[in-house]
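Observations on the model geometry
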Amino acid sequence: SCPFCGQQSSEVLDEIDYHETAEADLTLPNVHGILFACQTCGVAYPSHTYSVAHFVVLYQKTIVKLDRFQQTLLSKLRQWFLKIILKNRSKWFSLSNLLDFISLRAFLVPPLGLCPRGLRVLDVGCGYGDFSVVFRSLDNLVESTEVVPTFVKRMHTFGFKCYHGEFEKIDFGRAQFDLIFFRAVFYRTRNPSATLDAAKQVLVKGGE
């Protein structure tokens, strides 16, 4: 059933085998997956989700590739480009939005209403922390979350406060955030409705 509204009136949008996906590790078992569209609320959702215990295994191939990529000049240029796009993302007419358009929005930088400076930002599912680094370079106070211990340790090495675990199970204490940032996260979130409810609890009034 739909993870948002709970209804079972869904249609099949697409089907694919795990081994056919770009991030597939062929040493792992193949799984046939289906992408559904809820006919009640319109949300698309997959037939399978990853268990937290297996994220480490599923991401092992990605971690090795990212380790290599981080050492390249292309990685530095990518971060520079991300910073330029994010810098004035909140302005309707800006070089940031022009570059985002020219790059076909391939970097998945979200549209922002808030000017990304002086904010308390939470980067959910931060991965290697590229966006955390960019947000911090724009004078924001940045914290993050991750389910993969390797990524958490890496964030700590770079001086970030990074919470380990699924978002809705993390105790943030009295922390409140102006901007909660999900990039390439929801399609891997096991309980997206609970995740959104938890996000509302730690979002300041007027936050995004």
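Higher on the page you've got the structure.
All of the points below concern the structure found in this document. Position numbers for residues start from 1 in each chain and track the written sequence from start to end. Per-residue local features are limited, in this predicted model, to residues with pLDDT of at least 70; the limit for side-chain atom pairs, both in listing and counting, is 80 or more; totals at the level of whole chains, interfaces and linings are taken over all residues. With hydrogens and water set aside, each side-chain value is computed from the structure's full complement of heavy atoms.

What follows covers the sheet that holds strand β3 (residues 44-46). Judged by pairing direction, the sheet is antiparallel, and its 3 strands sit side by side in the order β1-β2-β3 without closing on themselves. In this open sheet, the two edge strands, each paired with only one partner strand, are β1 (10-17) and β3. For this sheet, the mean inter-axis angle between neighbouring strands, taken without regard to orientation, is 25 degrees. Inspection of the sheet shows β1 paired to strand β2 (residues 32-38) by 7 bridges, in the antiparallel sense. Directly across from E11, in β2, lies its bridge partner A37. Note on pairing: two strands pair once DSSP finds at least 2 bridges between them. Only runs of H or I of at least four residues qualify as helices and only runs of E of at least two qualify as strands under DSSP, and these elements are numbered from the N terminus. Angles run from 0 to 180 degrees between N-to-C directions of axes, and those axes are lines fitted to C-alpha atoms, restricted for helices to the stretch in contact.

With that settled, consider unusual backbone geometry. In this model, L104 sits at a positive phi of 60 degrees, which is unusual for a non-glycine residue. When you line up the elements, L104 lands in the loop between α4 (95-102) and β4 (120-124). The backbone of D139 shows a phi angle near 65 degrees, a positive value even though the residue is not glycine. Its location among the elements puts D139 in the loop between α5 (130-137) and β5 (141-146).

With that out of the way, let us pick up the packing of helix α3 (residues 73-87) against α4. It is the contact of α3 with α4, at a shortest axis distance of 6 Å, that shows an interaxial angle of 125 degrees. The orientation of α3 relative to α4 falls into the category oblique. Taken as a pair, α3 and α4 cross one another with a handedness that is left-handed. Residues F81, I84, I85 and K87 of α3 touch α4, and the partners they reach there are L95, S96, L99 and D100. When an angle is under 35 degrees it counts as roughly parallel; over 145 it counts as roughly antiparallel; between 65 and 115 it counts as roughly perpendicular; any other value is oblique. Helix crossings fall into two classes, left-handed where the near helix is turned counterclockwise from the far one by less than a right angle and right-handed where it is turned clockwise. The contact definition used throughout considers only heavy atoms, calling two residues in contact when any of these lie within 4.5 Å.

The N-to-C vectors of α3 and α5 enclose an angle of 55 degrees; their axes lie 10 Å apart at closest approach. Accordingly, the angle class assigned to the pair α3 and α5 is oblique. As α3 runs across α5, the sense of the crossing is right-handed. Facing R78, Q79, L82, K83 and L86 of α3, the residues of α5 in contact are D130, F131, V133, V134, F135 and S137. Under this grouping Gly is polar, as are all residues other than the nonpolar Ala, Val, Leu, Ile, Met, Phe, Trp, Tyr, Cys and Pro and the charged Asp, Glu, Lys and Arg. A breakdown of the residues in the contact of α3 with α5 according to their chemical character gives 6 nonpolar, 2 polar and 3 charged.

Function cannot be inferred from these measures alone, as they are strictly geometric.
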